[in-house]
Amino acid sequence: MIKHIIFDFDGTIVDSLDLSFYIYNELAAKFNYKPITREDMHILKNAPLKERFKAVGLPLYKIPKMTFEVMTLYNEGIKHLKAFDGINELLANLKNTGLNLSVLSSNSVNNITDFFENNNIVGFDNIISSNNLFGKHKTLKKFMKHNNLRPDEIIYVGDELRDVEACKKLAVKVIAVLWGFDPKNLLETGKPDYFATEPEDIYNFVTSF
């Protein structure tokens, strides 16, 4: 029986693509990687995240050094961010079924909390930050152990291939949303359990168990 729904944040709950594009280019000169255009972004979205970094000359070892500045710039832009249409209604409907709701994201707890306060989003039982872009499965595993949750009691909702891959490592069901960062053709390579074209699809899948 499903007990817990865990959401990614950026690209799943919040429409932050434009802000992410701005932050990426804002830091390009300082960290010596290639800035991108909107056209570049459209092309790069079709490649896995590690390949995108390689294409612009951004070594993975530099990413931890960038985290503080990325999160600071993100927080400065939070006031301009909105949730995707239908998310508030989805969260309310899921909560009314008695399910527990959490967020597990590579973003900071502070940024997520500020966004929720600005947009009057309530209902989440936990907000968890995964410090490693490619280690989300480790954070998810730790969360499951701490809350005595089995893989078959969880559904994860995310918008990136790395979300799907993290869940597959733990045998957790995953819904891939199609309004976020990664396109469907890339998400399909990870074989998610379900695709959602609108938030209502998430509710329909979750309540089918």
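To start, this report covers the structure provided alongside it. Worth saying up front: this structure is predicted, and the values here are computed from it rather than measured.

Two side chains of opposite charge can pair, provided their charged atoms sit close to one another. Taken as a whole, this structure holds eleven salt bridges when the rule is applied. When the shortest N-O distance is used, the salt bridge between R38 and D18 registers 2.9 Å. Taken together, the residues span a long stretch of sequence, with R38 in helix 2 (residues 38–44) and D18 in helix 1 (residues 17–26) at a distance of 20 residues. Looking at R38, the relative accessible area reads 42%, which means it is partly exposed. For E160, the salt bridge identified is with R162, shortest N-O distance 3.3 Å. For R162, a relative accessible area of 14% puts it in the buried group. It is possible to trace a salt-bridge network through shared partners that takes in K3, R150, D152 and E153.

So, on to the sheet that holds strand 4 (residues 154–158). Across the sheet, which stays open at both edges, the six strands sit in the order 3-2-1-4-5-6 with parallel pairing between neighbours. In this open sheet, the two strands that pair with only one neighbour each are strand 3 (126–129) and strand 6 (194–196). Ignoring which end each strand starts from, the neighbouring axes of this sheet average 25° apart. Lying on the sheet, helix 5 (residues 87–96) is in contact with strand 1 (4–7) and strand 2 (100–105); it crosses strand 2 at an angle near 135°.

Counting buried residues along strand 5 (residues 173–177), four of its five residues qualify, which places the element largely inside the surrounding structure. As judged from the four bridges shared by strand 4 and strand 5, these two strands associate in the parallel manner. Within the sheet, the bridge partner assigned to I155 lies in strand 5 and is K173. Regarding topology, helix 8 (residues 161–169) serves as the crossover connection from strand 4 to the parallel strand 5, and that connection is right-handed. Here three bridges tie strand 5 to strand 6, and the two strands are oriented parallel to one another. For V177, the partnering residue across the bridge sits in strand 6 and is A196.

Below, the discussion takes up unusual backbone geometry. With a phi angle near 60°, N32 is a residue other than glycine that sits in the positive phi range. The class of N32 is exposed, set by a relative accessible area of 60%. The backbone of N120 sits at a positive phi, close to 55°, despite the residue not being glycine. Looking at N120, the relative accessible area reads 67%, which means it is exposed.

Another point: the pairing of strand 2. Counting buried positions along strand 2 yields five of six residues, so the element is predominantly enclosed. Strand direction decides the pairing type here: strand 1 and strand 2, joined by four bridges, are parallel. Looking at the pairing, I6 lines up with S102 of strand 2. Relative to strand 3, strand 2 runs parallel, the two sharing four bridges. By the bridge assignment for strand 3, S105 is matched with S129. For the segment spanning strand 2, helix 6 (residues 109–118) and strand 3, crossover handedness is right-handed.

Definitions and cut-offs
Residues numbered from 1 in each chain as written. Predicted model: local features only at pLDDT ≥ 70, side-chain atom pairs only at ≥ 80, totals over all residues. Heavy atoms only, no water. Salt bridge = Lys/Arg side-chain N within 4 Å of Asp/Glu carboxyl O. Helix = DSSP H or I, 4+ residues; strand = E, 2+ residues; numbered from the N terminus. Buried < 20%, exposed > 50% of the residue type's maximum accessible area, 1.4 Å probe, protein only. Pairing = 2+ DSSP bridges. Axes fitted to C-alpha atoms, helices over the stretch in contact; angles between N-to-C directions. Contact = heavy atoms within 4.5 Å. Right-handed = clockwise from strand over helix to strand, strands pointing away.

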